[in-house]
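Residues per chain are reported as follows:
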Amino acid sequence: VAAQRSESAGRPLRRERRAVVVAGSRDAARDRIRRRPRDRYRNRWARTQRWAAVHAPEEASQLPDTNPNVNVLQHAGELLALSEGGAPFAITAALDSLGVPARHAGLGGGMTAHPKIDPVTGELIAFRA
């Protein structure tokens with residue numbers, strides 16, 4: 001907002017300061033978070049061979065060998081966690097691991113972590129590793 005100029009002095013007039021309250025007070029926001037624990041931050045590890053080597057060695061051979069730590073993408077009804085050069089890894093919106101994606105099996109050999117979606121056809125465009 002541009003300040004108005006005083007006609008006599010040519011100086012800007014004082015701006016009026018107003019307090020703006022957005023969606024309640026800070027205390028109210030904190031109370032909402034306490035009442036709804038499902039909205040809290042969740043940090044989960046993708047269940048891969050690297051995870052299993054530390055937490056569940058007996059499961060390591062059954063899990064995919066990838067490290068999806070770069071990007072997350074939704075395509076063809078699947079939520080994919082991606083890494084540079086690794087295979088895509090399917091996860092749920094709640095960050096639960098699903099494993100190898102059913103609709104993107106052709107990318108199991110690895111792909112870029114920054115694919116693009118064609119806005120006209122909806123195809124996933126990616127470089128293979």
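Preceding this section is the structure that the text describes.
Residues numbered from 1 in each chain as written. Predicted model: local features only at pLDDT ≥ 70, side-chain atom pairs only at ≥ 80, totals over all residues. Heavy atoms only, no water.

### Some points on the sheet that holds strand β2 (residues 78–82)
Rules: Two strands are said to pair when DSSP picks up at least two bridges between them. Secondary structure is summarised from DSSP: a helix means a run of H or I of at least four residues, a strand means a run of E of at least two, and numbering begins at the N terminus for each. The axes used here are C-alpha line fits, helices contributing only the stretch in contact, and every angle between their N-to-C directions lies in the interval 0 to 180 degrees.
The antiparallel open sheet is built from four strands, whose spatial order is β1-β2-β3-β4. Because the sheet does not close on itself, it has two edges, and the strands there are β1 (71–75) and β4 (97–99). Geometrically, the sheet is characterised by an average inter-axis angle of 40° between neighbouring strands, direction not taken into account. Alignment of strand β3 (residues 89–91) against β4, held across two bridges, turns out to be antiparallel. Within β4, the residue paired with I91 across the bridge is S97.

### Side note on the pairing of β1
Here β1 pairs with β2 via five bridges, running antiparallel. Within β2, the position partnered with V72 by the bridge is A81. Between β1 and the antiparallel strand that follows it, β2, lie two residues; A76 among them carries a positive phi value of about 55°.

### Here we look at the pairing of β2
What counts, and what does not: Residue burial is assigned from relative accessible area. The probe radius is 1.4 Å, only protein chains are included, and a residue is buried under 20% of its type maximum, exposed over 50%, and partly exposed in between.
Across the five residues that make up β2, a large majority, four, are buried. Sheet topology places β2 next to β3; three bridges connect them, and they run antiparallel. Directly across from L80, in β3, lies its bridge partner A90. In sequence, β2 turns back onto β3 through a hairpin of six residues, with G85 there showing a positive phi of about 85°.

### Considerations on the environment of L73
Selection rule: Only heavy atoms matter for contacts: two residues are in contact if any of them lie within 4.5 Å across the pair.
Looking at the element boundaries, L73 is found in strand β1. Among the residues examined, L73 registers a relative accessible area of 14% and is labelled buried. Excluding anything up to four places from it in sequence, L73 contacts E78, L79, L80, L82, P115, I117 and L124.

### Some words on the layout of surface pockets
Put simply, the test is: The method works on a 1 Å grid over the protein atoms by themselves. A cavity is a set of points holding a 1.4 Å probe that cannot get out, a pocket is an open set with protein on both sides within 12 Å along at least five of seven lines, and residues with an atom within 4 Å of a point line them. Grid points are joined across faces, edges and corners, and a volume is the space filled by probe spheres set on the points. Polarity classes work like this: nonpolar for Ala, Val, Leu, Ile, Met, Phe, Trp, Tyr, Cys and Pro, charged for Asp, Glu, Lys and Arg, and polar for all others, with Gly in that last group.
If you add up the space inside the largest pocket, you get close to 410 Å³. If you go around the largest pocket, you meet 19 residues; those closest to its centre are R44, W45, A46, P68 and N69. Where the lining of the largest pocket is concerned, the elements lending two or more residues are α2 (49–55) and β1. Of all the elements, α2 adds the most residues to the lining of the largest pocket, at four residues. Taken together, the residues of the lining of the largest pocket sort by class into ten nonpolar, seven polar and two charged.

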